Amino acid sequence: QVQLVESGGGLVQPGGSLRLSCAASGSISSNAVMGWYRQAPGKQRDLVAVITSGGSTNYKDSVKGRFTISRDNAKKTVYLQMNSLKPEDTAVYYCNVAAYFSAYWGQGTQVTVSS
């Protein structure tokens, strides 16, 4: 059984920072790709950032230079450091682990950027 547990969301002022964590339990492929998605009210879920087991990354254009994704393979954990947050970053953030024949989602954590 695979479970992803997210933490680190909350309320922050514009320009502030948050660090999201997603810890996986159970059997996860060593080659799995890990990523973060977000969904704002009334919008579809969008990819924010993705990282391979080797450390290659890709980002949504609007977060480049502000967000950093990283992972600790030994801890089966993926992180999203979010700096210079903007109100348009407000969304529920979901972590994802994808491998052959399977994909897993976290429960979501709310990030609200407001003054």
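The following paragraphs examine the structure supplied in this document.

**What about the packing of aromatic side chains?**
By the definition in use, this model includes two aromatic pairs. Positioned above the aromatic ring of Y94, the side-chain terminus of R45 is 3.7 Å from the ring centre. A cation over an aromatic ring shows up here: R45 above the ring of W105, its NZ or CZ 4.8 Å from the ring centre.

**Let's talk about the side chain of T109**
Assignment of secondary structure puts T109 in strand β11 (residues 109-113). Polar contacts involving the side chain of T109 include one to the main-chain amide nitrogen of G9, which spans 3.4 Å. Leaving out residues up to four positions away in the same chain, T109 has contacts with E6, G9, L20, A91, V92 and Y93.

**Considering the state of the cysteines**
Applying the stated criterion across every chain yields a total of one disulfide. Each disulfide pairs two cysteine sulfurs, and for C22 the partner residue is C95, the sulfurs being separated by 1.9 Å. One quick way to see it: the torsion about the S-S bond of C22 and C95 is about 45°, and its sign makes the bridge right-handed. On the criterion of sequence distance, the pair formed by C22 in strand β3 (residues 18-25) and C95 in strand β9 (residues 91-99) is long-range, its members being 73 residues apart.

**Quick notes on the pattern of salt bridges**
With the rule as written, the count across this model stands at four salt bridges. The partner of D89 in a salt bridge is R38, and the shortest N-O contact between them spans 3.0 Å. Highlighted residues: D89 in the loop between β8 (77-82) and β9 and R38 in strand β4 (residues 33-39), separated in sequence by 51 residues. The same class applies to D89 as to R38, namely buried.

The rules behind the values
Residues numbered from 1 in each chain as written. Predicted model: local features only at pLDDT ≥ 70, side-chain atom pairs only at ≥ 80, totals over all residues. Heavy atoms only, no water. Phe/Tyr/Trp six-rings, centres within 6.5 Å; stacked < 30°, edge-to-face > 60°. Lys NZ or Arg CZ within 6 Å of the ring centre and 35° of its normal. Helix = DSSP H or I, 4+ residues; strand = E, 2+ residues; numbered from the N terminus. Polar contact = N/O pair within 3.5 Å; in protein donor to acceptor, adjacent residues only side chain to side chain. Contact = heavy atoms within 4.5 Å. Disulfide = S-S within 2.5 Å. Salt bridge = Lys/Arg side-chain N within 4 Å of Asp/Glu carboxyl O. Buried < 20%, exposed > 50% of the residue type's maximum accessible area, 1.4 Å probe, protein only.

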